Amino acid sequence: MAIIVNKEKIFTLNTQNTTYQMYVNEDGVLFHSYYGARVGECDLSYASHKPNWNAAFSSNPRGKGYSHNHTSEELSVFGVGDFRLSALALVNHDGTTGAEPVYHSYKILKGKYQIKGMPAFYGDEGETLVITLKDKAYDIYFHMYYGVFEENDLITRALVIENKTNSEIKLNKALSVTLDLQGGTYDMLHFYGAHMRERLLERTRITHLTSTVSSVRGASSHTQNPFVIVCDKSATEEFGSAYGIGLVYSGNFVICAEKDQHETTRVVAGINPEGFEYTVAPNETFETPEVAMVYSNEGFAKLSNNYHKAIRNNLCRGKYKNARRPVLINNWEGTYFDFNADKLVAMAKDAGKLGVELFVMDDGWFGHRDDDRSSLGDWFVNEEKLQGSLDNLVKRINAEGLQFGIWFEPECISEDSELFKAHPDYRLAIPNRDPQLSRHQFVLDMTRKEVRDNIYDQMVEVLNSANITYVKWDFNRHLTDIYSAALPKERQGEIYHRYMLGVYELLERLTSNFPNILFESCSGGGGRFDLGMLYYMPQAWTSDNTDAIDRLKIQYGTSFAYPVRAMGAHVSVCPNHGNARVTPLNTRGNVAYFGTYGLELDITKMTDEEKAEIKRQIAEFKEYYDLIQYGDYYRLLSPYTPDESRYCAWEVVSEDKSEALVCTVAYDSKCTVQPELLKVKGLDQNKMYRINGSEETYLGSALMNIGFWLEYDHLSYASRLYHITLA
Ligand code: DGJ
């Protein structure tokens, strides 16, 4: 039993290696007792209070020996005695604020709960606990949802606020989680960046200042990712306590952590309250996004692998959740907007000979779009550019043995478009103000059903018009001018969230009506790479930066939460279009192997030698496909420590530990290169292994504790694969 309830007082969630416990005190307050390594069955409630604590300037419920400010409550409310980070701030119909949630009831559901209109982990193997709290003074209910996946040590949470009063209430803040960690000193790992350098790792001490990771861009964004790891200050890849906190959400978010005045570390996470104000009508509910938490007391590698498995098995959906994904070629870096059907078919012809399975036509096929200034919203084929119908082009590509995929940017509109002429009010714009342009485009008001229906109908027509098996869903700007012509003035604070709900609704409709299409999400590269999007689209374009060396940091950072299988990664040409760096072709291939592997170049311009190398890569990638996509992932040498080793290295290991694949990439060549031993991870310590079929055999424990000698690489940016197999 993953969920144990003791006399409606103690609620324990157990996974294979973790325990999460709460308890209800005599006043009905739901306290958080513990989250961490699994402990046997016992009452841990003593841990949620500081003993005999009576600090000055604390506030107490009348006649009680505790203060809300010194205890750990599952739902921290603003304005009623807890002065720390809070998860909830609401205004009642009469203008009064605050809430005092007390225990009302609980239920256990079979299988994992789902959240109305929003992405969430799913699965019959999961279990659900719902604890319902009720405000002492008003008929407002707080349904605290807990999902438990024993095998991957995953615990999810979400909050549903139900208004059973006769009047509207207003939410100024409705976060998904409060998590208190008693004692200790913690660090936070977060993943920041920008376009072309997404999810770079930064590790910062959680101090008495608040550390905040957030977005107000209407998308999770390149700038910060809605995922952090809170860990012991000494935690490493293999050692120490680490808590993963990931929001299953793609819009404005916030994750804050701070040490309070009594040295308890508090983390809160959810929808960013900035620009948020939500009215809940009588008998209506408000659902917060889900937060997915994994705890590991064996460092980051274990935590990452649990996320990877849970994402693969319990978040991604559809045919391509498990099916082999085709090796694709995308024409973007190969042609940008400058293409016609003949050019694309020529590329497909050459690509097909090398083993490529899918041709993706990127931006520029619709309306009259030859640059980024027009036609978004006009999802009809530019037949002049495509020298005929889409069906005709697809048939020609299919005849070369390749499937066909297509690019859309459904959430945006160009001023120079038929859609804008017909519906100028469809964009987000503040009356009397000239809305902000970004990449010459505006954002559609996805809160409106008629807007979504318009885009949906156009997309369906295109998708039904030809044999299309892949869609790239792009989004190349962020939200500004937050005003919806369809909402009353008192509900304008709902736009950011309603926008996301609208996008999710459209995605749900499309993905369920086209179950055979592989969807890949994208947002100017990796600007919306989050758990929310992966629920609808099982892979995401990791970054517009295709330089193999920059990708080391980008893919390294991404790997802390997200599996290889989700990371779009392509081989492109040199000098790289983004940074002009020249890297060996096999290095570009090796780096892209640890993602979805594809090509993004004009294959017709490659030399015979380069084509032969690509052919070899595709064959090699296919050979290692299962090992790479489903193996346990280990970060061996960080791209952030080039002074400690000349290499960046990582590894995947099959579940049965019978084989592993290690990839190394060398940095700049140094004249005095020292031979280096590389320690690997995850092998069976008692078994003998060979490396690349060597005669020499090595004991697993030797490879993990001493390592093996890396081949000497003189060349800058040289890369090697080491295939480790049982001897
Ligand atoms: C941004 C994407 O990340 C690129 O791959 C490409 O699709 C362009 N948009 C097209 O405009």
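Residues numbered from 1 in each chain as written. Predicted model: local features only at pLDDT ≥ 70, side-chain atom pairs only at ≥ 80, totals over all residues. Heavy atoms only, no water.

### Here's the deal with the packing of helix α6 (residues 449-464) against helix α7 (residues 495-513)
Step number 1: The interhelical angle for the contact between α6 and α7, taken along N-to-C directions, is 25 degrees, at an axis separation of 11 Å. Taken as axis vectors, α6 and α7 run roughly parallel relative to one another. The two elements α6 and α7 meet at a crossing, and its hand is right-handed. Contact residues: Lys 449, Arg 452, Asp 453, Ile 455, Tyr 456, Met 459, Val 460 and Leu 463 in α6; Gly 502, Glu 505, Leu 506, Arg 509, Leu 510 and Asn 513 in α7.
Step number 2: In terms of residue class, the contact of α6 with α7 is built from seven nonpolar, two polar and five charged. (Axes fitted to C-alpha atoms, helices over the stretch in contact; angles between N-to-C directions. Helix = DSSP H or I, 4+ residues; strand = E, 2+ residues; numbered from the N terminus. Parallel < 35°, antiparallel > 145°, perpendicular 65-115°, else oblique. Left-handed = near helix turned anticlockwise from the far one by under 90°. Contact = heavy atoms within 4.5 Å. Nonpolar A, V, L, I, M, F, W, Y, C, P; charged D, E, K, R; others polar.)

### Re the nonpolar core
Note that soluble globular proteins tend to have their nonpolar side chains buried in a common cluster.
Step number 1: Membership of the largest hydrophobic core comes to 203 residues, with the highest contact counts inside it found for Met 361, Trp 365, Leu 390 and Ile 406.
Step number 2: A per-element tally of this core places α7 first, with nine residues.
Step number 3: The next biggest cluster of nonpolar side chains, apart from the first, holds 20 residues, and it includes Tyr 647, Ala 660, Met 704 and Leu 710. (Core = buried A, V, L, I, M, F, W, Y, C linked by side-chain atoms within 4.5 Å. Buried < 20%, exposed > 50% of the residue type's maximum accessible area, 1.4 Å probe, protein only.)

### Regarding the sheet that holds strand β4 (residues 30-37)
Step number 1: In space, the four strands of this open sheet follow the order β1-β2-β3-β4, with antiparallel pairing throughout. The sheet is open, and its two borders are formed by β1 (3-6) and β4, each paired with just one other strand. Across the sheet, the mean angle separating the axes of adjacent strands is 15 degrees when strand polarity is ignored.
Step number 2: The pairing of strand β3 (residues 18-24) with β4 spans seven bridges and is classified as antiparallel. (Pairing = 2+ DSSP bridges.)

### As for the domain arrangement of the protein chain
Step number 1: Each assigned domain of the protein chain is listed here: domain 1 (3-47 + 58-314), domain 2 (328-422 + 440-475 + 518-629) and domain 3 (634-726).
Step number 2: Domain 2 and domain 3 are separated by 32 Å when their C-alpha centres are compared.
Step number 3: Contact between domain 2 and domain 3 buries roughly 1,900 Å² in total, counting both sides, with carbon and sulfur atoms accounting for 75%.
Step number 4: If you sort the residues of domain 2 by the area they bury against domain 3, Tyr 556, Phe 594 and Leu 627 come out on top, with a joint share of 34%.
Step number 5: Our enumeration of links across domain 2 and domain 3 arrives at zero salt bridges.
Step number 6: Those elements that place two or more of their residues in the side of domain 2 that touches domain 3 are α9 (548-559), α10 (585-593) and α11 (608-630). (Domains from an automatic or database assignment. Buried area = accessible area lost by both parts, 1.4 Å probe. Salt bridge = Lys/Arg side-chain N within 4 Å of Asp/Glu carboxyl O.)

### Side note on the site of the ligand
Step number 1: Residues in contact with the ligand amount to 13 residues; listed here are only the nearest, Asp 362, Asp 363, Lys 472, Asp 474 and Asp 544.
Step number 2: Within the side chain of Lys 472, an N or O atom sits 2.7 Å from an oxygen atom of the ligand.
Step number 3: Residue Asp 474 places a side-chain N or O atom 2.7 Å away from a nitrogen atom belonging to the ligand.
Step number 4: Considering the ligand on its own, with 290 Å² of exposed area, one finds that the protein chains cover 98% of that surface.
Step number 5: Looking at the shell around the ligand residue by residue, the class counts come to four nonpolar, three polar and six charged. (Near = heavy atom within 4 Å. Polar contact = N/O pair within 3.5 Å; in protein donor to acceptor, adjacent residues only side chain to side chain. Areas by Shrake-Rupley, 256 points an atom, 1.4 Å probe, with all protein chains shown as cover.)

### A look at the sheet that holds strand β34 (residues 659-666)
Step number 1: Read from one edge to the other, the open sheet built from six strands follows the order β32-β33-β34-β39-β36-β37, with strand pairing classed as antiparallel. Looking at which strands have only one partner, the edges of the open sheet turn out to be β32 (632-637) and β37 (698-699).
Step number 2: Those strands touched by α9 are β32, β33 (647-653) and β34, and its axis lies near 130 degrees from that of β32.
Step number 3: On the sheet, α10 packs against β33, β34 and β39 (719-726) and is oriented at approximately 50 degrees with respect to β39.

### So, the environment of Leu 30
Step number 1: Locating Leu 30 in the fold gives a position in strand β4.
Step number 2: Relative accessible area serves as the criterion here: at 3%, Leu 30 is assigned to the buried category.
Step number 3: Sequence separation between Leu 30 and Leu 247 is 217 residues; the distance between their C-alpha atoms is 23 Å.
Step number 4: Once residues lying within four places of it in the same chain are set aside, the contact partners of Leu 30 are Phe 11, Met 22, Tyr 23, Val 24, Ser 72, Glu 73, Glu 74, Ile 131, Leu 133, Met 144 and Tyr 146.

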